[in-house]
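Chain by chain, the residues:
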Amino acid sequence: MNIIYKIISNFINDKSLYIGEKVTMSEHMIQSAMIAEKAKSSDSLVCACLLHDYGHFILENPDDLAKKEKDGKHEELGYKFLKEYFINDVVEPIRYHVKAKKYLARDKKYYDFLSEASKKSLKFQGGIMNNEEAKEFECVKFFESSIKLRKFDEVAKKEGLKIKSINEYKNLLISKLI
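Please read all numbers here as calculations on a predicted model, not as lab measurements.

S.K.: Report on the overall build of the chain, specifying residues and quantitative values.
M.R.: Looking only at helices and strands, one finds twelve helices and zero strands in the chain. In the chain, the succession of α and β elements from N to C terminus is α-α-α-α-α-α-α-α-α-α-α-α. Here the C-alpha atoms of the chain give a radius of gyration of 15 Å, agreeing with the 16 Å that 2.2 N^0.38 yields for 178 residues. With the C-alpha coordinates of the chain rotated into their principal frame, the extents come out at 40 × 35 × 30 Å. Within the chain, the fraction of its 178 residues that count as buried is 49%. Across the chain, every contact between residues at least 6 apart in sequence was considered, and the portion connecting residues at least 24 apart equals 71%. Computing the positive centroid from 32 side-chain charges and the negative centroid from 28, the chain places the two 2 Å apart.

Laid out in structure tokens, this is it:
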């Protein structure tokens, strides 16, 4: 249960803007979860959306990495940390959500919809997938949930939106522990 309190504390204490956006990382992740709920997604996917950028809380200073045009691999950091506590249906989409962006960006409409900050980070993350990488990614067990998470992720950047408290997700988080 200590992990739940640690997660809630990180969300509450986060005041830094989400890299290049006008919302904090906490606001962004809560908005992602709210969008997943509205879409009637599974509880596991809602939880994955809530925690998908948790790796940014682990990184020393994500803004410095962005300024240096480096990828902090937040998805891997988050995955490695969270897999010790949460079920695969939660952590695997987190692990693959950057690959999902690289996959979806192959579609010009999707790429054009990306925020400028997201386009910039896409470049640091290795750019758009080629056809061979895309075919390989399509075979990943959590491909569909990773794609859904990524689509929710991209629209969850609304400034001034009334959002839920992280405490409202406490029972969900507890229910997805290993």
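Resuming the write-up.
S.K.: Which residues make up the packing of aromatic side chains, and what are the values?
M.R.: Considering all chains together, one arrives at eight aromatic pairs under this definition. Plain terms: the ring middles of Phe-11 and Phe-57 are 5.6 Å apart, the flat faces sit at 80° to each other, and that makes the pair edge-to-face. With Phe-11 in helix α1 (residues 2-13) and Phe-57 in helix α4 (residues 55-58), this residue pair connects regions lying 46 residues apart in the sequence. The exposure class of Phe-11 is buried, given its relative accessible area of 4%. Ring geometry for Phe-81 and Tyr-85: centres 5.5 Å apart, planes at 55°, overall tilted.

S.K.: Summarise the packing of helix α2 (residues 25-38) against helix α3 (residues 43-51); cite the residues concerned and give the values.
M.R.: Where α2 meets α3, the axes come as close as 7 Å, and the angle between the chain directions of the two elements is 160°. The angle between α2 and α3 falls in the class roughly antiparallel. Considering only the axes of α2 and α3, their crossing is right-handed. Between α2 and α3, the residues in contact are Met-29, Ile-30, Ser-32, Ala-33, Ala-36 and Glu-37 and Val-46, Cys-49, Leu-50 and Leu-51, respectively. Looking at the contact of α2 with α3 residue by residue, the classes come out as eight nonpolar, one polar and one charged.

S.K.: Tell me about unusual backbone geometry, and please be specific about residues and values.
M.R.: One non-glycine residue, Lys-40, lies in positive phi territory at about 60°. Positionally, Lys-40 belongs in the loop between α2 and α3. Accessibility expressed as a relative area gives 75% for Lys-40, which makes it exposed.

S.K.: I'd like a rundown of the confidence of the model for the chain, residues and numbers included.
M.R.: For the chain, the mean per-residue pLDDT works out to 91, and 90% of the residues sit at or above 70. Confidence drops under pLDDT 50 across residues 65-69; counting only partners more than four residues distant or on other chains, this segment forms seven contacts.

S.K.: Lay out the environment of Tyr-79 in plain terms, naming residues and giving numbers.
M.R.: With respect to the helices and strands, the residue Tyr-79 is situated in helix α6 (residues 74-82). The spatial distance from the C-alpha of Tyr-79 to the C-alpha of Glu-37 is 22 Å, given a sequence separation of 42 residues. When near neighbours in sequence (up to four residues on either side) are disregarded, Tyr-79 contacts Val-91, Glu-92, Ile-94 and Arg-95.

Cut-off values and rules
- Residues numbered from 1 in each chain as written.
- Predicted model: local features only at pLDDT ≥ 70, side-chain atom pairs only at ≥ 80, totals over all residues.
- Heavy atoms only, no water.
- Helix = DSSP H or I, 4+ residues; strand = E, 2+ residues; numbered from the N terminus.
- Rg over C-alpha atoms; globule rule 2.2 N^0.38 Å.
- Buried < 20%, exposed > 50% of the residue type's maximum accessible area, 1.4 Å probe, protein only.
- Contact = heavy atoms within 4.5 Å.
- Lys, Arg positive; Asp, Glu negative; His and termini not counted.
- Charge placed at Lys NZ, Arg CZ, Asp CG, Glu CD.
- Phe/Tyr/Trp six-rings, centres within 6.5 Å; stacked < 30°, edge-to-face > 60°.
- Axes fitted to C-alpha atoms, helices over the stretch in contact; angles between N-to-C directions.
- Parallel < 35°, antiparallel > 145°, perpendicular 65-115°, else oblique.
- Left-handed = near helix turned anticlockwise from the far one by under 90°.
- Nonpolar A, V, L, I, M, F, W, Y, C, P; charged D, E, K, R; others polar.
- pLDDT = per-residue confidence, 0-100.

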